[in-house]
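A look at the structure
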Amino acid sequence: MSALPASSALLAFVLLLIAPLTIAGVAFLNTGLGRARSAAQALVGSIALAALAAILFVAFGSALATGPGLAFHLAGKPWNLFGSGVFFACGLASQPIEAQLGLLFELFAVALTVLLPWGSGADRLRLAAGACIAALYALVLFPLAAHWSWDTGWMAALGTNFGLGAGFIDPGGSGSIHVLGGFGALAVVWITGPRHGKFPKEGLSTAMPGHNVVYVLFGCLVSLVGWMAWNAAGALLWLHAPLTQLPQTVLNTVLSATAALAVTFTVTNIRFGKPDASLSANGWMAGLVASSASAAVIAPIAALFVGIIAGLVTPLLVELFELALSVDDPSGAIAVHMVAGLWGLLAAGLFSGGPGQLLAQLIGIAVLLGFFLPLVYFLLLGLNRLVPFRADYDSERIGMDLSELGGNAYPEFVMHRDDSYR
Amino acid sequence: MKFAGLLVLPAGCFLALAAIVLFADSLERTAFVLCGLAVEALGLGVAIRGHMPARSGGRR
């Protein structure tokens, strides 16, 4: 890791103090997109899981994610697969400043990653299961992905070892945060199955809209602030971008999100006769996710295009997943984080350099899909045997708030009868 | 069916990795990597199909 100038280090530190707003935004989205009877569990779960992931990552996971790493040689090239850091961040204060800031970045990143499967399991995923999933992510899955793509790992070194552009580029974490978390969301949805009554044996799927679209939209706005800081900090830390490049990184982040929102707004207006607030929020988030990999390395016009594609594809995918594939994903994390994350990685290759860079990005995508998706799925499948993911029928019927926390988020509200439970 | 698709995914990944180890030419590398991604797309499709719940009547 080459030395980071003092001014860049100071700015990266300040940006990292703002970046956790992204975590707050996603927590609000998870809460608003679930049902009222599970709102408190969704929000307190988001906070608890982020806290657990942060502790476990600093204590153990960071050893696998940071440090010069352990490499084996194949075909005359080093393949750096595992970090060789220390447990409990021992001696952190004596480390170079970029190593300290890198750990801080990864700490917030793992806290964000674990919120994605949690949001997709809304209304039926038990808190204990969510905690175990978060632990798995903090200890094994995220550290591996982070080391490979950010630190001194073999994917980041594809440029120096195999002449593929600048190696795998993902400064904001489209791959190691959003795609990886999206895989967890997909696995959780597959393993837990849909909410009761979501897909009746016959007829159309039951609409179960989010209970508070104001939370959702507030989450989007909060996320934007965090995301701008996140992408700029990532550019400083992982690409060693000069300070003069940061305004464009932030501009691209905003352009990608706003273009995505405008397109989703239009698409839903055409599809349903009126714009859909919740899907528009998903489009906004998809634009932000796609910008994570690409904002620091592409031109503003390309960022606009990235956002347009993200905004076009997201509402169609959300509909496809629900209506055609019977996937019950309340937070839309699979379309918003997994698919838009993959698109962001591809876009970074398409618009940032020559064919070598594109190939590096494609290899990164192939590794994410071919290695991490099966790994996440089978680990979570095994975990489900030990700690059942799904709440029982009665818990789901009365709501996760009452069954897991003993009290509702909105105690004054009269609970509506739910036709899907008849 | 459920697991078959997911077990196909690593095969695509190995194809992509083999490309950069075995070939120096960028065209051959790209072709191999794209083949790997195609295999992964196939595996993902099978996995998604395998996880779809059975619904009589289906969509209208």
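Nothing here was measured: the structure is a model prediction, and the numbers come from that model. (Residues numbered from 1 in each chain as written. Chains lettered and ligands numbered in written order. Predicted model: local features only at pLDDT ≥ 70, side-chain atom pairs only at ≥ 80, totals over all residues.)

Further remarks concern the overall build of chain B. Helix and strand content of chain B: two helices and zero strands. In terms of overall dimensions, chain B is more spread out than a globule: its C-alpha atoms have a radius of gyration of 16 Å, far above the 10 Å expected for 60 residues. Looking at chain B as a whole, 33% of its 60 residues are labelled buried. By sequence separation, contacts in chain B at least 24 residues apart represent 64% of the contacts at least 6 residues apart. (Helix = DSSP H or I, 4+ residues; strand = E, 2+ residues; numbered from the N terminus. Rg over C-alpha atoms; globule rule 2.2 N^0.38 Å. Buried ≥ 20, exposed ≤ 12 C-beta atoms within 10 Å, placed from the backbone. Contact = placed C-beta atoms within 7 Å.)

Before going further, it helps to spend a moment on the interface of chain B and chain A. Facing the 26 residues of chain B at the interface are 26 residues of chain A. Among the secondary structure elements, those contributing two or more residues to the side of chain B that touches chain A are helix 1 (2-22) and helix 2 (26-50) of chain B. Classifying every residue of the side of chain B that touches chain A gives 14 nonpolar, seven polar and five charged. (Nonpolar A, V, L, I, M, F, W, Y, C, P; charged D, E, K, R; others polar.)

Right, let's get into the packing of helix 12 (residues 300-324) of chain A against helix 13 (residues 333-352) of chain A. Residue and element names in this part refer to chain A. Contact geometry of helix 12 with helix 13 gives a least axis separation of 10 Å together with a crossing angle of 150°. Viewed along their axes, helix 12 and helix 13 adopt a mutual orientation that is roughly antiparallel. You can see that helix 12 and helix 13 cross each other, and the crossing is right-handed. From helix 12, Ala302, Val306, Ile309, Ala310, Val313, Thr314, Leu317, Val318 and Phe321 reach across to helix 13, where they touch Ile334, Ala335, Val336, Val339, Ala340, Trp343, Gly344, Ala347 and Phe351. For the contact of helix 12 with helix 13, the class distribution of residues is 16 nonpolar, two polar and no charged. (Axes fitted to C-alpha atoms, helices over the stretch in contact; angles between N-to-C directions. Parallel < 35°, antiparallel > 145°, perpendicular 65-115°, else oblique. Left-handed = near helix turned anticlockwise from the far one by under 90°.)

Right, let's talk about the pairing of strand 2 (residues 77-82) of chain A for a bit. Residue and element names in this part refer to chain A. The pairing of strand 1 (residues 70-74) with strand 2 spans five bridges and is antiparallel. Opposite His73, over in strand 2, you have Pro78 as the bridge partner. Turn length for the strand 1-strand 2 hairpin, with the two strands adjacent in sequence and antiparallel, is two residues, and the turn residue Ala75 shows positive phi of about 55°. (Pairing = 2+ DSSP bridges.)

This part is about helix 12 of chain A. With 25 residues, helix 12 of chain A should cover 36 Å at 1.5 Å per step; its first-to-last C-alpha distance of 35 Å lies within 8% of that length. Looking at the residues trailing helix 12 of chain A, positive phi occurs at Ser326(A), about 55°. (Expected span 1.5 Å × (residues − 1).)

This part takes up the environment of Ile308(A). Residues and elements named next belong to chain A. In this structure, Ile308 sits in helix 12. Separated by 247 residues in sequence, Ile308 and Gly61 have C-alpha atoms that sit 36 Å apart. When sequence neighbours within four positions are dropped, the list of residues in contact with Ile308 reads Ala259 and Val263.

As a further point, take unusual backbone geometry. All names here are of chain A. You will see that Phe88, though not glycine, has its phi angle at about 55°, which is positive. Position of Phe88 relative to the elements: it lies in the loop between strand 2 and helix 4 (97-113). With 11 C-beta atoms packed within 10 Å, Phe88 lands in the exposed category. Positioned with a positive phi, Ala89 is a non-glycine residue whose angle comes to about 50°.

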